[in-house]
Amino acid sequence: MKIRRSALVGLVPAAGLLVMAGQASASGFQLLEQNASGIGNAFAGSAAIADNASTIHFNPAGMTRLQPREFSVGLSLVRPSFKFRDGGSQSGVLSGGTGDAGGWAALPNAYLSWALNRNIVLGIGLGAPFGLSTDYDDGWVGAAQSIEFDIKTYNINPSVAWRVNDRLSLGFGLNWQRMDAEYERAVSIAAVPLAATHAILDADSDAWGWNVGLLYALSDATRIGASYRSRIEHELKGDLDIRGPAAGANPALAAGRARADVELPETVIISAVHQLDTRWELLGDLSWTGWSSVDAVDIMRTSGPLTGLTVQTLDADFKDTWRLAIGANYHVDDSWTLKFGIAYDQSPVRDRHRRLVALPDDDRTWLSLGAQWRPSRDARLDVGLAYLYVPDTKIDNDQLSADPARNRGRVTGEYRSKVWLLGVQYSMAF
């Protein structure tokens, strides 16, 4: 399956980079890499740190801590690996193996904040908060369930922050989001002509959401942050193409229009930052993602004699998830800071029977480190590296059916997965 991602001038080329594909690094197909500066801390303290303009995404209230005008641009390289070992799949004529279904992806971001006065700050952010790509060999044992699955999102986030007083700041943002989706699979495993025939859905959607944030200083050394991002309801509309020897053999194998509704989840983040002494800074993060909004995704025909017919249902049946992260910064001197972080990230997949080959997700543990260099008072360069450990992941997805048109086989086996992240972020006041 495939679901297809001066300072102001600097935002333009970064926005163009958003056409590059995304690879999920957080649970489900969420992308935490809305900056690269947080990678070194495993994104601990994300809603409270507010050390560059990327706070626009994690907590817009943090803009009141920035200098009057700041911009930040970054790039994260993501390399997930999904290696499948067959354990007795029942796949008819589909009997081949497959290579690594993961691959490299580049995730850019760009932000600009501009203070109108001491208490009101405007900002805009560009990012890609959701994305995933898995790509299997055409003839592998699970081809009737998925050959390619790709999600791209593009998010523009105008925001405003209000300094209520010296301790409390509030923030609000709107989100215009585009989602591109492409899904490809073999039509059936029942006979060779059908197995060699592929169904490809190519669809897109535009939708709106919103986000709010709060930042409160308990003392000069300690502050807490909280933020909320709303659900975003996408109505994907596009073309369903049938390619291969059986294409057009009956109405069910005819090309046409199709749609699928997807409700991307809401998120809540609670963060804290504490300056322990002149050298050490401690960070913490607890976040919740409402993945239960992604339940059963129906793909329906919207043209031809089968208009209104559900041609496939993707039974994700996701559950809500939690993520816990802790981190620390060590200030070596006025120019250098070292970063450390660890996190535990739950998967929304309930069990091996509901694990999709298009999304072989599981719980993961983050191990992160990074560094920040300040060449001047107004400039910062962050570099971060993270390894995401994923335990061996069982799958037993049974889509066998007596109806040849709906027989997509039973994929049984195990995935060996891991993810590497490398990011760089440049931030400057001007």
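Residues numbered from 1 in each chain as written. Predicted model: local features only at pLDDT ≥ 70, side-chain atom pairs only at ≥ 80, totals over all residues. Heavy atoms only, no water.

Chemist: I'm lost on the packing of aromatic side chains in this one. Help?
Modeler: Aromatic ring pairs: the centre-centre distance and the angle between the two ring planes describe each pair. For the structure shown, the criterion picks out 17 aromatic pairs. Note on W210 and Y228: the rings are 5.2 Å apart at their centroids and 50 degrees apart in plane angle, and the pair reads as tilted. Here the residue W210 occupies a position in strand β7 (residues 198-217), and Y228 occupies one in strand β8 (residues 222-229), the gap between them amounting to 18 residues. Relative accessible area serves as the criterion here: at 39%, W210 is assigned to the partly exposed category. You can call Y228 partly exposed: its relative accessible area is 21%. Put simply, the rings of F29, F130, W291 and F318 touch in pairs and so form one group of aromatic residues. The ring of W114 has R69 lying over it, and the distance from NZ or CZ to the ring centre is 5.5 Å. Seen from the ring of F430, R69 lies directly overhead, with NZ or CZ sitting 5.7 Å from the centre. (Phe/Tyr/Trp six-rings, centres within 6.5 Å; stacked < 30°, edge-to-face > 60°. Helix = DSSP H or I, 4+ residues; strand = E, 2+ residues; numbered from the N terminus. Buried < 20%, exposed > 50% of the residue type's maximum accessible area, 1.4 Å probe, protein only. Lys NZ or Arg CZ within 6 Å of the ring centre and 35° of its normal.)

Chemist: Looking at this structure, how should I read the nonpolar core?
Modeler: One recurring pattern in soluble globular proteins: nonpolar side chains tend to sit buried together. One finds F29, L201, I299 and F318 to be the most contacted residues of the largest nonpolar core, which totals 28 residues. Mapped onto this core, the elements with two or more residues apiece are β5 (148-163), β6 (168-186), β7, β9 (232-243), β10 (256-264), β13 (296-301) and β14 (310-315). Among all residues touching F318, those that are not within four sequence positions of it are F29, W291, S292, V294, P348, V349, R350 and L359. A36, A386, V419 and L421 belong to the second largest nonpolar core, which has 25 residues in total. (Core = buried A, V, L, I, M, F, W, Y, C linked by side-chain atoms within 4.5 Å. Contact = heavy atoms within 4.5 Å.)

Chemist: I'm lost on the side chain of H234 in this one. Help?
Modeler: Along the chain, H234 falls in strand β9. One polar contact links H234 to Q177, side chain to side chain, over a distance of 3.0 Å. Not counting residues up to four positions away in its chain, the partners in contact with H234 are Q177, R178, M179, S205, D206, A207, A260, D261, V262 and L264. (Polar contact = N/O pair within 3.5 Å; in protein donor to acceptor, adjacent residues only side chain to side chain.)

Chemist: What should I look at first to understand the confidence of the model for the protein chain in this one?
Modeler: Segments scoring low in pLDDT should not have their predicted coordinates read at a detailed level. Summarising the model, the protein chain shows a mean pLDDT of 92, and 94% of its residues fall at 70 or more. In the model, residues 1-21 has pLDDT below 50 throughout and makes 81 contacts with residues more than four positions away in sequence or in other chains. (pLDDT = per-residue confidence, 0-100.)

Chemist: Quick question: what am I supposed to make of the layout of surface pockets here?
Modeler: Empty space among the atoms can be located by rolling a probe the size of a water molecule over them. Of the volumes computed, that of the largest pocket is approximately 530 Å³. If you go around the largest pocket, you meet 26 residues; those closest to its centre are I49, A50, D51, R223 and E281. Breaking the lining of the largest pocket down by element, the ones donating at least two residues are β12 (280-289), β15 (321-331), β16 (336-345) and β17 (364-376). By volume, the second largest pocket amounts to about 410 Å³. Residue lining of the second largest pocket: 24 residues in total, with R185, A252, L253, V311 and A405 positioned closest to the centre. (1 Å grid on protein atoms, 1.4 Å probe; cavity = no way out; pocket = protein on both sides within 12 Å on 5 of 7 lines; lining within 4 Å. Points joined across faces, edges and corners; volume = space filled by probe spheres on them.)

Chemist: Help me understand the environment of T337, please; the structure alone is not making it clear to me.
Modeler: By the secondary structure assignment, T337 is in strand β16. When the C-alpha positions of T337 and Q372 are compared, they lie 5.1 Å apart, and in sequence the two are 35 residues distant. Discounting residues that sit within four places of it in the chain, T337 has contacts with N329, Y330, H331, V332, G370, A371, Q372 and R374. At a separation of 3.0 Å, a polar atom in the side chain of T337 contacts the side chain of R374.

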